[in-house]
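# Architecture at a glance
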Amino acid sequence: MSEIPARATGPEGPANGAQAGAAGAATAHTAPGDTPPGDAVWQSSPPGSIYDYVKVASFSIGPDGLVDQWSLRAEQLLGIPAEAAVGMDPIEAFIDPDQRAGGRRKMTEILDGREWTGVVPFRVPRGPGAAGRDGRRGRHGLAEVYVMPTRTEGGEKAAVCIVVDVRTLRSIETDLAASQAIFGQSPFGFLLIDADLRVRRANQRFASIFGGTPDDHRGRGVHDYLSRAEADRVSATLRRVLETGDSITDMHVTGFLPGSEERRHWSVNLYRVHSGSGRPIGVAWLGTDITARRAAAREAAAARRNLALLNEAGARIGNSLDLETTARQLLDVVVPGFCDLATVDLYQGLLAGDETPPGLADGSAELRRVAFSSAVSAAPFDGTGERVQLGARHHYPFNSPCADALRTARPRSVPAEEGGLVQSTLAVPMVANDTVVGLAQFARAKGSEPFGDRDRDLAVELATRAAVCIDNARLYRREHERALILQRSLLPPGDPEASGLDIACRYLPGNAATGRPSEVGGDWFDVIELPGHRTALVVGDVMGRGLRAAVAMGELRTAVRTLAQLDLEPAEVLSQLDEIARGLGAPGGVQQATRAARRPREADLSEVYLATCIYAVYDSVTRRCTFANAGHLPPVLVEPGETALMLDVPPGLPLGVGGEPFEEVEVELPEGALLALYTDGLVESRDHPLDEGLRAFVGALTDPSRPLEDVCDQILGTLGTHHGEDDIALLMARVQGLPAESVGDWTLPREPRSVGRAREYARTQLQSWGLEPLVDTTELLVSELVTNALRYGEGEIRLRLLLDRTLVCEVWDSGLVQPRRRRARDTDEGGRGLQLVGLLSAAWGSRRTPRGKTVWFELPLPGGDTPLTDPAEALLSLF
């Protein structure tokens, strides 16, 4: 409080003096908290009173007009210590010279007993000792002065002066006006909450939101506006701000307005408020409604989430050409980012390759659940209440929302099961190229936000993207299966058989080991039986993939079989194949390709067919094998008791390049040796170079005595890590030459008696083999062939009988003219010999040899599946 000098007395007059005395008595005898008698109430101003803001000082003037007492507040206000101020003439010290005359007149009136109040300009004197603690010497100011006459103990007239700094008052007025403007005119809800967490003051904006006038909210607490849990949280925050002084920025508060069930959101800023003395007196609350902003933020977040889901769907869905994998990729994207549970059902007919399965138009076709994902439960769900397990086939009831979605190709909402886990389900048809391929269901569990229109549009977009990928995978699977069927149909059916060889083979389409679909390739192998118990072994690889490669492979395989039947040499077979391969890429065929080879080729490179091929002919009688290679990998030979080695066969150029002849290499194969022909898919991949694969393949062939099927499985198992996207063709053959006792070989001179001698040799050999049922037929046919050799051939004649799975008879001579079968007329005396051979034998033919030709025929063994032909009936049929 302001300080009043102890020597000062009340105003002039006995009444005033008595009142002052009574007041002094009351002050001396009244305990704190009691009300003294009369109107005088004296108490100390509590901290935070008005005097903490208003600078009030007092001093007293004696009868001589000089300062006789100086308060501490005066020292603080004017900056002059008491020892310098006492004894000063206030007029001389504080009033400017031009105003001193008026000041002295006022002083005379005051000392005569008159009160006076006014605003007086003053200055702080510059004399020694007149500077305050802050060095404000010479400062000018404006003070409001209240002068009250008093008397001294001796009865002399004196005065008490109360001085207020006018500038401070003006500043307080300005601050109050500004505070009132901010508080009253603020567009935000403004509260002043006291230390008891009660509203001390509210502005009009807050009252307009929560109803009533600002005064109606005075004394209320946060529990009067918010739910219990939210009010407890806010109260704890208010108490923490009040205790620590730490302000709170953008605290989100949720509640309801009076008479409304709409949830509102506010952003609140809190800071502690202090009195002039620095004592905390409460917390200021500044709040703004952010409900619309929160809704807009949720919409923006939903839009960003949807965009992120679409981006993720574009990156993850469709990376595989497998239908089930693509369906699972869709669910990996949507669970749990978009929904809590999801399933995908595809039409079973489409999965099986049927273009238009029955019931596709009305949604009644059979479906199969191919994918399921859940973030909350492991049990599959169904919108109709019926549980469908993963992989199960099922139908949706005709009147169900799911069936309606399939029929109309539009999304439908599925009612939630009472008491179930799901609260909202969307059944979205998967449409690709105007065809419904299946149904996707997206469900959200209870507690999640139900699906809205934006969610419905997003679900349709995701389902459509997945449907297009699934339809592409379905079309690819269809084409892949067709190409694979075509490719397999061009390969040897079952287990090939060959004379003098034990055969085992394997064919694996690309990615069969990894389970991922891939385009078919042009790999093939073949085992072709040749006359004379010889066998042609073929392995080839058309460069490229897809249906074109499979078709080219089929054409080349057919050409190989045709050329093999002509009994050409291996190098000549590859030369003819090279011409055919060049013809595959030329519009005019082989002839046009041959002509184009003489000039620069300008054909489209996409139509150029290149292939590698190795062609080997094995003779089971001599156990010799002749190889010719067209750019293919070398064959591998494993001899008994030896390590595997790659045969040195000149590689040559691939088929379709042309311009270079092919070389032949003849190798004698020991009994029990193992021969392996293969394609590069077995030994080469992206991660393993060719040299490494060849070493691994050679190292895997360690025990040639094992069954060939086991050897094949072991190789594929050992080299499984090398198998990539290319096809694998593996052909293995174990050498089992014809024993010497199964071969009859004779040389006959060129004389007529050789015909009878040939019949005798044949009869004796067949009887030793126990083939008496074939004696008559064999004698007759041998007689015909030897007679023709004598009549039309040249040089000495050679007769050879071979016994294996069939009986083969060969007649050799040095003539180059091939026998030609013709139909004799009824009047002709001859020309029926070859017709008779054709009727009585299972097969016959002729081939060129390095020294002439060989004419042969083949007879089935008795007791076999092929019945023997009666010679008498055959002879009668000629006439």
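Residues numbered from 1 in each chain as written. Predicted model: local features only at pLDDT ≥ 70, side-chain atom pairs only at ≥ 80, totals over all residues. Heavy atoms only, no water.

### Details of the side chain of Thr150
Spelled out, the test is: Labels follow the DSSP assignment, with helices taken as runs of H or I lasting at least four residues and strands as runs of E lasting at least two, numbered in each case from the N terminus. N or O atoms closer than or at 3.5 Å make up a polar contact, with two conditions inside protein: a donor-capable atom paired with an acceptor-capable one, and, for residues adjacent in sequence, both atoms drawn from side chains.
By the secondary structure assignment, Thr150 is in strand E4 (residues 140–151). Here Ala159 takes part through its backbone nitrogen, which lies 3.4 Å from a polar atom of the side chain of Thr150.

### Notes on the pairing of strand E12 (residues 367–374)
Using the following cut-off: Summary of the burial criterion: residues with accessible area below 20% of their type's maximum are buried, those above 50% are exposed, and those between are partly exposed, where the area comes from a 1.4 Å probe applied to protein chains only. Between any two strands, pairing holds if DSSP finds at least two bridges.
Of all eight residues in E12, six are buried, a share of seventy percent or more. Where strand E11 (residues 341–347) and E12 come together, seven bridges link them in antiparallel fashion. Within E12, the position partnered with Thr343 by the bridge is Phe372. As defined by bridge partners, E12 adjoins strand E13 (residues 393–394) across two bridges and the pair is classed as antiparallel. In the strand pairing of E13, Arg368 is matched with Arg393.

### As for helix H15 (residues 570–584)
For clarity, the threshold we go by: Here the expected length of a helix is defined as 1.5 Å per residue gap, with one fewer gap than residues.
Taking 1.5 Å per residue as the helical rise, H15 with its 15 residues ought to reach 21 Å, and the 21 Å between its terminal C-alpha atoms agrees with that figure. Those residues of H15 not exposed but buried are Pro570, Ala571, Val573, Leu574, Leu577, Asp578, Ala581, Arg582, Gly583 and Leu584.

### Brief notes about helix H20 (residues 775–792)
Taking 1.5 Å per residue as the helical rise, H20 with its 18 residues ought to reach 26 Å, and the 25 Å between its terminal C-alpha atoms agrees with that figure. Of the positions making up H20, those classed as buried are Val775, Thr777, Thr778, Glu779, Leu781, Val782, Ser783, Leu785, Val786 and Ala789.

### Considerations on the pairing of E11
Across the seven residues of E11, seven count as buried, placing the element largely inside the fold. Alternating residues of E11 divide into Leu341, Thr343, Asp345 and Tyr347 and Ala342, Val344 and Leu346, and every residue in both groups is buried. Here six bridges tie E11 to strand E16 (residues 435–445), and the two strands are oriented antiparallel to one another. If you follow Val344 over to E16, its bridge partner there is Ala440.

### Concerning unusual backbone geometry
In this model, Val335 is joined to Pro336 through a cis peptide bond whose omega is 0 degrees. Mapped onto the fold, Pro336 is located in the loop between helix H10 (323–334) and E11. Even without a glycine there, the phi angle at Ala409 is positive, about 60 degrees. On the secondary structure map, Ala409 appears in the loop between helix H12 (401–408) and strand E14 (412–414). A positive phi angle, near 55 degrees, is found at His533, a position not held by glycine. With a relative accessible area of 7%, His533 lands in the buried category.

Limitation: the analysis is restricted to geometry and does not speak to function.
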